[in-house]
Amino acid sequence: MQTRLARNAGFCAGVRRAVRIAEEAAGQGGRWYSLGPLVHNDAVVADLKEKGIIPVNRLDEIQAGEDVGIIIRSHGVPPEIIKQAQERGLGIKDATCPLVKRVHDIVALLRGDGYEIVVFGDAHHPEVQAITGWCGYQARVIAGVDETCKMTKVDKLAVVSQTTKDENDFYAVVAALAPMAGEIRVFNTICRATRKRQQAARELSSEADLILVLGDPKSSNTATLTRECKNTGVKTVQICGASDISADCLQGVSRVGITAGASTPDWIIKEVLDRMTEFEEKSQQELEQEKEQDTTASEESFAKMEAEMADFETPGRGDIIKGTVIQVQDDEVMVDVGGKSEGIIPLREMSLKDAGSARDLINVGDEIEVMVLKWDDDGTILLSKKKVDTQKVLDKLDEDYKEAKVIEGTITGTVKGGLLVDVGMVAFLPASHVEDGYVKNLEQYIGQTLQFKIIEFNRNKRRGSQIVLSRKELVAEEKSRLKKEFWDNIEEGQTRRGRVKRIVDYGAFIDLGGYEGLLHVSEMEHRRVEHPSDILNEGDETDVYILALDREKERVSLSRKKLLKSPWEIAQEKYHEGDIVEGTVVRIAPFGAFVELDPGVDGLVHISQMANYRVEKPEDVVSVNDRINVKIISIDPEDKRIGLSIKQAQDEKESKDVQEYLDSQNNPEAGAE
Ligand code: F3S
């Protein structure tokens, strides 16, 4: 006879969590009660009772007092129960399964949005009663397709399921309800643990002559499992424990499959497997006596059994195993790690980086690798994803180091002697390796993502791994590449955009992206510049003209003024013959006076144009620095000459004054104004 255990069987994560919460409460002292049996399994309830968790049916059975509280079981309770417990001053430990809580949230939200709620489930089941409580008891509970005919047509309908129901039945109900609603929203709230157990039980049924379903008859999911197995046509017997197995029951059976409901603890499964081993050994001996033949088949069977038992044992500390995320909360993640085990990753063990919530890091259904940290007494496996990620990052960095690869990282802060860099792990970048020269201000690098090479790599579990980086060599390589590219492409007469690197008294050095050129002070503007800092600041960007190249000495002369309009070009656009403008006398010569109209643009008032009378010397009419009005009488762009006249400007002004006087005489009112 062969015995096989279903791939998924026994305590689900929600029940395991509830038992753990109850045991922790019992360990804290005080009096603790569970409202109804904590799980649908008499043996577990009896065990918890011994530890101090007393089941009661109603809150008023509890005598309030100090250190008295209730544990809300995984099925959850309606909101008014929590309120009543608070009013009675009872402590509350909420072990409602997070997946059930999700159903509460869904129905409360949708009821608030005006949806009629249908719960597919057993109206007497505490989980269903709690769900209806969360939508103000405004839900209709439907146990199967037959009951859908009682429904009347509605505008908006939302359908959820008791978490332990059969998925096919659920969708059959949904299909029957769909024509009865203007709009229907369907939430498959059947728990993945339940689905997996049902699927594993069906698979096992196809390979067995007999299926033993382990669980309490009051357990909904045990009942569903039993029905699922029976539906496959295989002989199915629901049992509570090892003592229910009899030789009669195994008569004529050669392959036995064992599955267990979500409220069946590990130790009951173990007892049953032990009992089956006894039967198996017995049948083996009988076989040997009767036939005295080769025992290969039985050995195989026993080996398989051993393998099942080995599977049944949990992975060891430090093992890395694969799993699927089945539930994510802010502070922990629940993972199905295959077999019958489910584990917990606390938030602190989720990621190498700090995160406020596990929901920001992972989603239900994600497949991940985790390391087993410890196996708690209550059967919970404490897992770490962070440790696996750390190992992977270290493996990769080790390989990068050995192969001298270039890696990327982000500078996160400064420490004595250098910078800290996030390369998946924290690494150290000595100040002398930040650039290929001295760096005065290390702070400027914080937040920058740059490339590095690993120059030291020490993997040390106890003291933490040491990773030392450098970008000195990379910076030098990049500079020489840019320099070559620069000299390959640069030509006299080009216009380039550059950044002011340094300012000196005689000019400014401009970084042209790979090489620096000199912009001499005389090439900055068309007018005379006292100091380069009057025009440019370090860090400014400016366009420059490539004036001259000395490839041998690697010198580049730049001009900025070449790219600017000359004062004469501006004057040409601005001034026209006949304009009367103001200017400053800047120089006097025997033949007239030079008048500056704009910086760098002078015109000449010839002595003959200074007054309406004969002028002996220009000094008799004007002095240097006088501000005077002049009329532009000629512009010669070729020779850059402007002819000016004081005389004509004055004549025009006088004529204008006379005309204004005459106008005021003809129109006295205007003049009086
Ligand atoms: Fe929760 Fe699913 Fe178990 S809903 S209590 S994990 S069967």
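Draft legend 1. Geometry of the site of the ligand. Taken together, C12, G14, V15, C97, L99, T163, C191 and T194 make up the full set of residues adjacent to the ligand. Classifying every residue of the shell around the ligand gives five nonpolar, three polar and no charged.

Draft legend 2. Structural view of the domain arrangement of the protein chain. One can read the domain layout of the protein chain as domain 1 (11–97), domain 2 (99–190), domain 3 (308–384), domain 4 (390–476), domain 5 (490–563) and domain 6 (567–657). Computed from C-alpha coordinates alone, the two centres of domain 5 and domain 6 are separated by 36 Å.

Draft legend 3. Local environment of helix α14 (residues 646–666). The end-to-end C-alpha distance of α14, which contains 21 residues, comes to 30 Å, matching closely the 30 Å that a straight helix rising 1.5 Å per residue would cover. Residue S645 occupies the N-cap position of α14, its side-chain oxygen lying 3.4 Å from the main-chain nitrogen of K647.

Draft legend 4. Here's a closer look at the sheet that holds strand β28 (residues 580–589). Read around the closed barrel, five strands run β28-β29-β30-β32-β31, paired in mixed fashion. Averaged over all neighbouring strand pairs, the angle between strand axes comes to 50 degrees, with direction disregarded. Note: β28 against strand β31 (residues 627–636), five bridges, orientation antiparallel. What sits directly across from I580, in β31, is K631.

Draft legend 5. Spatial organisation of the environment of N188. Within the secondary structure, N188 is located in the loop between β9 (181–186) and α7 (192–205). Apart from the residues lying within four places of it in its own chain, the contact partners of N188 are E167, F170, Y171 and R195. A distance of 2.7 Å separates the side chain of N188 from the side chain of E167, its partner in a polar contact. At a separation of 3.1 Å, a polar atom in the side chain of N188 contacts the side chain of Y171.

Draft legend 6. Just the confidence of the model for the protein chain, in detail. With 92% of its residues at a pLDDT of at least 70, the protein chain reaches an overall mean of 88. Confidence drops under a pLDDT of 50 for residues 293–313, and excluding neighbours within four residues, the segment shows 27 contacts in the predicted structure.

Draft legend 7. Here's a closer look at the sheet that holds strand β3 (residues 53–56). Across the sheet, four strands lie side by side as β3-β2-β4-β5; this open sheet has parallel pairing. In this open sheet, the two strands that pair with only one neighbour each are β3 and β5 (91–94). Strand after strand, the sheet turns through a mean of 30 degrees between neighbouring axes, direction not considered. Where strand β2 (residues 31–35) lies against β3, four bridges are found, and the strand directions are parallel. Each residue of the ladder has a partner; that of W32, found in β3, is I53. Helix α3 (residues 79–87) rests against β2, β4 (68–72) and β5 of the sheet, and its axis sits at about 150 degrees to β5.

Calculation criteria
Residues numbered from 1 in each chain as written. Predicted model: local features only at pLDDT ≥ 70, side-chain atom pairs only at ≥ 80, totals over all residues. Heavy atoms only, no water. Near = heavy atom within 4 Å. Nonpolar A, V, L, I, M, F, W, Y, C, P; charged D, E, K, R; others polar. Domains from an automatic or database assignment. Helix = DSSP H or I, 4+ residues; strand = E, 2+ residues; numbered from the N terminus. Expected span 1.5 Å × (residues − 1). Polar contact = N/O pair within 3.5 Å; in protein donor to acceptor, adjacent residues only side chain to side chain. Pairing = 2+ DSSP bridges. Axes fitted to C-alpha atoms, helices over the stretch in contact; angles between N-to-C directions. Contact = heavy atoms within 4.5 Å. pLDDT = per-residue confidence, 0-100.

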